[in-house]
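Letter by letter, the chains look like this.
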Amino acid sequence: MEIALEKRYGHRLALPQVAFALLFAGERPPAVLLAPEERLCRYRDLSAFGARVYVNPGLEALEEKALFVLSYEEALSPFPEDPEAWRLVLEVGRSYPRQALLERLLRMGYARDEDYRVLGEVVELGGVRLEFFGDELERLLVAGEERRRHLLLPKPGKAEGFTSQKIRHFPGPVYLDTPALAPEALWPLLAGRPLLALGGGVALPPLEPGLTPLPPYRGSLKALEKDLARWLEAGKRVHLFVGHARTLDYLKRRLQAFSPLLLDRFPGPKGRLSLLAGSFEGGAEWGEWVLLTEALVFATGGVRARLRAGEGLSDPGALSPGDYLVHPEHGIGQYLGLETREGLGVKRDYLVLRYRGEGRLYLPVDQLPLLKRHPGTTDDPPELSSLGKGEWQRAKERARKDVEALAARLLVLHAKRRATPGRAFPPLPEWEARVAEGFPYPLTPDQERALEEVLRDLEAPHPMDRLVSGDVGFGKTEVALRAAARVVGHGAQVAFLVPTTLLAEQHGKTFQERFQGLPVRVAVLSRFTPPKEEMAILQGLVEGTVDLVIGTHRLLQEDVRFKDLGLLIVDEEHRFGVAQKERLRELKADVDTLYLSATPIPRTLYSALVGLKDLSSIRTPPPGRKPIRTFLAPFDPLLVREAILQELERGGKAFYVHDRVASIEARRRYLENLVPEARIGLVHGQMPEALVEETMLLFAEGAYDVLLATTIIEAGLDIPEAGTILIERADRLGLATLYQLRGRVGRRDQEAYAYLFHPPRLTEGAEKRLLAIADLSDLGSGHLLAEKDMEIRGVGNLLGPEQHGHIRALSLEVYTELLEEAIRKLKGEAREERPHVTVDLALSARLPAEYVPSLEARSRYYSRFAEANSLAEVSRLVRELKERYGPLPEEAENFVNLTRLRLVAGRKGAVSVTESLTHLEVVFGRFPLAYEAQSLKSLPYRLELTQYPPGFRLEKKGLRPRDYPEALMEALYLFADR
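As recorded by an unreviewed UniProt entry, the protein carries the name Transcription-repair-coupling factor and is attributed to Thermus islandicus. Its UniProt record, at the heading Subcellular location (unreviewed entry), says of the protein: "Cytoplasm". UniProt, in the comment section headed Function (unreviewed entry), describes the protein in these words: "Couples transcription and DNA repair by recognizing RNA polymerase (RNAP) stalled at DNA lesions. Mediates ATP-dependent release of RNAP and its truncated transcript from the DNA, and recruitment of nucleotide excision repair machinery to the damaged site."

Okay, structure coming up:
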């Protein structure tokens, strides 16, 4: 059962994970265990084996002699070569000379007055207060509490400047979990250290540990009970490790016949069953010990699926190699990266763009604002343009002709819409105030703006046609409700069309509650409506006694007639078919129409983009909302179990989507075995409507913990306690459906989780779709999703001509720009262009690779400097660079100064800043020039004004090249803004 430590090293073991954790817990500290990120949770708590571990330790743990657990990524993360220089131990009674202390703080990334304050003998840094007597630290307070000792670490963000790797600074033998997944870069860093591996993928000889692994029980508790009886009769010490408190209660009740003991520490007594806390995997008979785990009992016990988390669009504009970019003159090229080039002793960074036939374009980084992104219009990458053949200009010209004809038609349509007589619904202050009182939350700024725009449209004497786009749960319904209140207050009727019966019921309840106590009759017309009630509602609509009707497709049938329809609200238009949309057009000919959508279909969004429909966008989440964390993984029973139990343990509920009615019953039985602790409800579209409604109600009220459903739950169900959704075969579902399903969770201030399961192998299209949804985890990204969908699927045939070919050739952004330009030209409006200033000075100006080592990071910073619109933005970026990488080297300083010069020159109306042999020359795009003549004369340089071209020349004599930007800015400030 025991193998001497020295004999263990240098081998790989075929062990269950629980036994490997037991071996590591018995190791003499310090020792290190490395595992893939998704398996860290298995080693996070080894207290059952009497061991304390540090997970992903940092500088704070260097002095500790402990067991350290790191992910492979963390082991390779940047770490200081001299860690002690980056740790400041503050101890009462020790001496800290003032100047040396302040220099140390600056080196650690803390700037005086920004991050800390010096108030005489006191230094305040965040929640840390240091009180000195001379140089001696007399008193130390952390978050208001007095301490004897405190460890101060570098300011977050400094790590990118470190040159060593973390694993080199944590000594001891190294245990490797699943070494096949270890990065190549790790192996050289482990040379010469004692190793022990769990699993293959490493060139170490096997070692037989003398245990018998146990097969998984797959939820069969009868088989487990049989084995327990046999082991206990044989006097074995049986241990069952359980990861969830809910499961512990369940197993204690279920295995009552064996009188289980609840223990804190391993091992338990002979001949008894002991239950211990621990999130381990696998199981084994090892001499007199039997090791069992929750994962072995309930799941398959197989190799875990790797989990991919959506990265989120932290900086959607950031460039990365491989992106497709559109140059206004040369067309579509692929960004390959950055290249430093030297000419006449001056070093600059250039973007390298690849064109068709291996053509290359080297573009100075200051020309980044000229480029536009081309996200690709299909799953295939776009076709690259050829350099120097005029193809791009010809494609643009063809599109421009099409666009001009389309713009003329759009304007005619727009004018026709404005000329169509409609009803005006002026404000009703008292009535609207009473409706608003029933809303328990303050409106977000975006909601207020959208409501204002909708109400303004209702006041106008022509029909409204507006799309309110906003993410799931961002409050579109509230905007619709208040618009409906205005129309009903004027005695007209409102029809609210929704895609599903469940949603109709839910909206019905909401509207009835909000209009309670007011003379408004709200009715719901759907499959759930009894025939007798349906007849009464239809009669009421004709006679005008029903003020507001909420319904599904049933509302579009011929027998539904209104006495005085004033407003039509359509929720999720993309869920209705062509025939239904035709009927909609008949209904809304001269009626105010409001569309609500979280993921507007491309055509709807496109027509809103170019002015056919008015668009209001709600992009700010309600206060306290958090983004939904999205994970992609091949189907894994253990992951399903953990996700559901984690949700239930924090008091929430979970959705499980299985989009096959034929096998959904079998899936329920499977889940009942997998997660016996959970109560599972079931709904699908072929069940009797009354049963669907009842099940939904029971789920909302807490009778069920998990709702197993088809995509029937896609539209608008509002269950605030639901915090996790698991979607099987997510690769079969479209972007809009996935987005809507994911929106069913995350309506509280707790973080929500979405798990998208897919087969081990995916088609390229399905993978792109799933990665798109995972990365769009930011709140309010439904709009971005629809734009992406528009690029992938095209915009449909808008008003006759086929635009998708042009969009494919040019990119949506360029095409929309052309269309807007054509519309402006026809309206006679001028276009406000951002000035582009050519700055050509013989100055080495770049972010050197030695300063910012990562190509992605440099590309990102160049992108952000190019997009900066103010000197304040540039200063913020400089501060960020200094915090992350330290003081700016000279070339980076020059780059920043040229960026500032370009902004100042643009504001003053200059078009170029160049140099000759003896002078710096600035040319303006206008004449005459307005300037402060007296101040110009008092400048410390010789400056002469020029008329052809209009501008000035500044003598270089006595100036160093690095001083050019400063001297030019000093002169430019004396000229009037353009």
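After that view, the rundown keeps rolling.
Draft legend 1. Expanded view of the overall build of the protein. Helix and strand counts for the protein stand at 28 helices and 46 strands. For the protein, with 978 residues in total, the buried portion stands at 53%. Taking all contacts inside the protein whose residues are at least 6 apart in sequence as the whole, residues at least 24 apart take part in 74%. Per element, the accessible surface of the protein, about 43,600 Å² overall, is 51% carbon and sulfur.

Draft legend 2. Fine view of the pattern of salt bridges. This model, assessed by the stated rule, comprises 54 salt bridges. Across the pair Glu91 and Arg149 runs a salt bridge, and its minimum N-O distance is 3.9 Å. Of this pair, Glu91 sits in strand β6 (residues 88–91) while Arg149 sits in strand β12 (residues 149–152); the two residues are 58 residues apart in sequence, bridging distant segments of the chain. Residue classification places Glu91 among the partly exposed residues on the basis of a relative accessible area of 27%. Counted as one network, the salt bridges with shared partners bring together Arg117, Glu124, Arg129, Glu131, Arg139 and Glu146.

Draft legend 3. Inspection of the sheet that holds strand β1 (residues 11–13) at higher detail. Pairing is parallel in the open sheet, where seven strands are placed in the order β3-β4-β2-β14-β15-β1-β16. Bordering the open sheet on either side are β3 (53–55) and β16 (206–207), each of which pairs with just one other strand. Relative to strand β15 (residues 195–198), strand β14 (residues 174–177) runs parallel, the two being bridged by four bridges. Each residue of the ladder has a partner; that of Val174, found in β15, is Leu195. Running at roughly 165° to β14, helix α2 (residues 17–25) makes contact with β1, β2 (31–35), β3, β4 (67–71), β14 and β15 of the sheet.

Draft legend 4. Representation of the packing of aromatic side chains. Within this structure, the stated rule accounts for 27 aromatic pairs. For the ring pair Tyr54 and Phe68, a centre distance of 5.9 Å and an interplane angle of 40° mean the geometry is tilted. Taken together, the positions of Tyr54 in strand β3 and Phe68 in strand β4 put the pair 14 residues apart, joining distant regions of the chain. Of the two residues examined, Tyr54 and Phe68, each falls in the buried class. Taking the centre distance of 6.4 Å and the plane angle of 15° together, the rings of Phe631 and Tyr753 count as stacked. Placement of the pair is Phe631 in strand β36 (residues 628–634) and Tyr753 in strand β41 (residues 752–758), with a sequence separation of 122 residues. Tyr753 shares its class with Phe631; the two are buried. Arg667 extends its terminal NZ or CZ atom over the ring of Tyr670, reaching a point 4.8 Å from the ring centre.

Draft legend 5. Here's a closer look at the pairing of β41. Across the seven residues of β41, seven count as buried, placing the element largely inside the fold. Across seven bridges, the pairing between β36 and β41 is parallel. Paired with Ala633 across the bridge in β41 is Phe757.

Draft legend 6. Structural view of the side chain of Gln17. If you trace the backbone, Gln17 turns up in helix α2. Engagement of the side chain of Gln17 in a polar contact is seen with the backbone oxygen of Arg42, the distance being 3.4 Å.

Draft legend 7. Region of interest: helix α9 (residues 429–437). Of all the positions in α9, only Trp431, Glu432 and Val435 are classed as buried. Taken down its axis, α9 places every buried residue within 90° of arc, on the same side. For α9, exposure combined with an orientation more than 90 degrees from the buried face picks out Pro429, Glu430 and Glu437. Taken together, the buried residues of α9 touch α11 (476–489) and α12 (501–514).

Draft legend 8. Geometry of the environment of Leu263. Mapping Leu263 onto the fold places it in the loop between β19 (261–262) and β20 (273–277). With relative accessibility at 25%, the residue Leu263 sits in the partly exposed group. Spatially, the C-alpha atoms of Leu263 and Ala48 are 8.3 Å apart, while their sequence positions differ by 215 residues.

Draft legend 9. Local environment of α2. In terms of burial, α2 is a largely internal element, nine of the nine residues being buried. Looking only at α2, the buried set comprises Gln17, Val18, Ala19, Phe20, Ala21, Leu22, Leu23, Phe24 and Ala25.

Draft legend 10. Molecular detail of the nonpolar core. Leu841, Phe865, Leu881, Leu901, Val913 and Phe952 are the most contacted members of the largest nonpolar core, which totals 59 residues. For this core, the element with the highest residue contribution is helix α26 (residues 890–908), accounting for eight residues. Sequence-distant contacts of Phe952, that is, excluding residues within four places in its chain, are made with Leu920, Glu921, Val922, Phe924, Leu943, Glu944, Leu945, Thr946, Leu968, Ala971, Leu972 and Phe975.

Draft legend 11. Structural detail: the environment of Glu751. Positionally, Glu751 belongs in the loop between α19 (735–742) and β41. Residues Glu751 and Gly723, 28 residues apart in the sequence, show an inter-C-alpha distance of 7.3 Å. With sequence-adjacent residues up to four places away left out, Glu751 is seen in contact with Lys626, Pro627, Arg629, Arg650 and Gly723.

Draft legend 12. Highlighting the sheet that holds strand β45 (residues 943–946). Read across the open sheet, the five strands follow the order β42-β43-β44-β46-β45; overall the sheet is mixed. Two strands close off the open sheet at either side, each with one partner strand: β42 (838–840) and β45. Taking the axes of each pair of neighbouring strands and ignoring which way they run, one obtains an average angle of 15° across the sheet. Two strands pair when backbone bridges link them, and β42 and strand β43 (residues 910–915) are joined in this way by three bridges, in the parallel orientation. Bridge pairing in β43 places Thr838 opposite Ser912. Contacts from α26 reach β42, β43 and β44 (919–924), with the element oriented near 135° to β43.

Draft legend 13. Molecular detail of a negative patch on the surface. On the surface, a cluster of negative charge is made up of Glu121, Asp135, Glu136 and Glu138. Note that Glu138 resides in strand β10 (residues 136–142).

Draft legend 14. Fine view of the packing of helix α24 (residues 855–867) against helix α25 (residues 871–885). The geometry of α24 relative to α25 is characterised by a closest axis approach of 9 Å and an angle of 160° between their N-to-C directions. Regarding the angle of α24 to α25, the classification is roughly antiparallel. Seen along the crossing, α24 lies across α25 with a hand that is left-handed. On α25, the residues touching Ala857, Arg860, Tyr861, Arg864, Phe865 and Glu867 of α24 are Glu873, Val874, Leu877, Val878, Glu880, Leu881, Arg884 and Tyr885. Here the contact of α24 with α25 is composed, by residue class, of eight nonpolar, no polar and six charged.

Draft legend 15. Broad picture of unusual backbone geometry. Cis rather than trans, the peptide bond between Phe927 and Pro928 has omega equal to 0°. Relative to the helices and strands, Pro928 resides in the loop between β44 and α27 (933–937). A cis amide bond links Tyr948 to the next residue, Pro949, at an omega of -10°. A positive phi is found at Asn56, a non-glycine position, where the angle reads about 45°. Relative to the elements of secondary structure, Asn56 occurs in the loop between β3 and β4. Taking the relative accessible area as the measure of exposure, Asn56 reaches 24% and is therefore partly exposed. Its identity is not glycine, yet Arg729 carries a phi of approximately 45°, on the positive side.

Draft legend 16. Quick look at the side chain of Asp547. Within the secondary structure, Asp547 sits in the loop between α13 (531–543) and β32 (548–551). We note that Asp547 is buried and unpaired, the nearest opposite charge coming from Arg521 at a distance of 7.3 Å. In terms of polar contacts, Asp547 uses its side chain to reach the backbone amide nitrogen of Arg521, at 2.8 Å. Asp547 has contacts with Val488, Ala492, Gln493, Val494, Pro519, Val520 and Arg521, leaving out every residue within four places of it along the chain.

The rules behind these values
- Residues numbered from 1 in each chain as written.
- Predicted model: local features only at pLDDT ≥ 70, side-chain atom pairs only at ≥ 80, totals over all residues.
- Heavy atoms only, no water.
- UniProt positions renumbered as here; feature names shortened; annotations may be inferred.
- Helix = DSSP H or I, 4+ residues; strand = E, 2+ residues; numbered from the N terminus.
- Buried < 20%, exposed > 50% of the residue type's maximum accessible area, 1.4 Å probe, protein only.
- Contact = heavy atoms within 4.5 Å.
- Areas by Shrake-Rupley, 256 points an atom, 1.4 Å probe, with all protein chains shown as cover.
- Salt bridge = Lys/Arg side-chain N within 4 Å of Asp/Glu carboxyl O.
- Pairing = 2+ DSSP bridges.
- Axes fitted to C-alpha atoms, helices over the stretch in contact; angles between N-to-C directions.
- Phe/Tyr/Trp six-rings, centres within 6.5 Å; stacked < 30°, edge-to-face > 60°.
- Lys NZ or Arg CZ within 6 Å of the ring centre and 35° of its normal.
- Polar contact = N/O pair within 3.5 Å; in protein donor to acceptor, adjacent residues only side chain to side chain.
- Arc of directions from axis to C-beta.
- Core = buried A, V, L, I, M, F, W, Y, C linked by side-chain atoms within 4.5 Å.
- Patch = residues over 30% accessible without salt bridge, like charges linked within 9 Å, V, L, I, M, F, W, Y side chains within 5 Å.
- Lys, Arg positive; Asp, Glu negative; His and termini not counted.
- Charge placed at Lys NZ, Arg CZ, Asp CG, Glu CD.
- Parallel < 35°, antiparallel > 145°, perpendicular 65-115°, else oblique.
- Left-handed = near helix turned anticlockwise from the far one by under 90°.
- Nonpolar A, V, L, I, M, F, W, Y, C, P; charged D, E, K, R; others polar.

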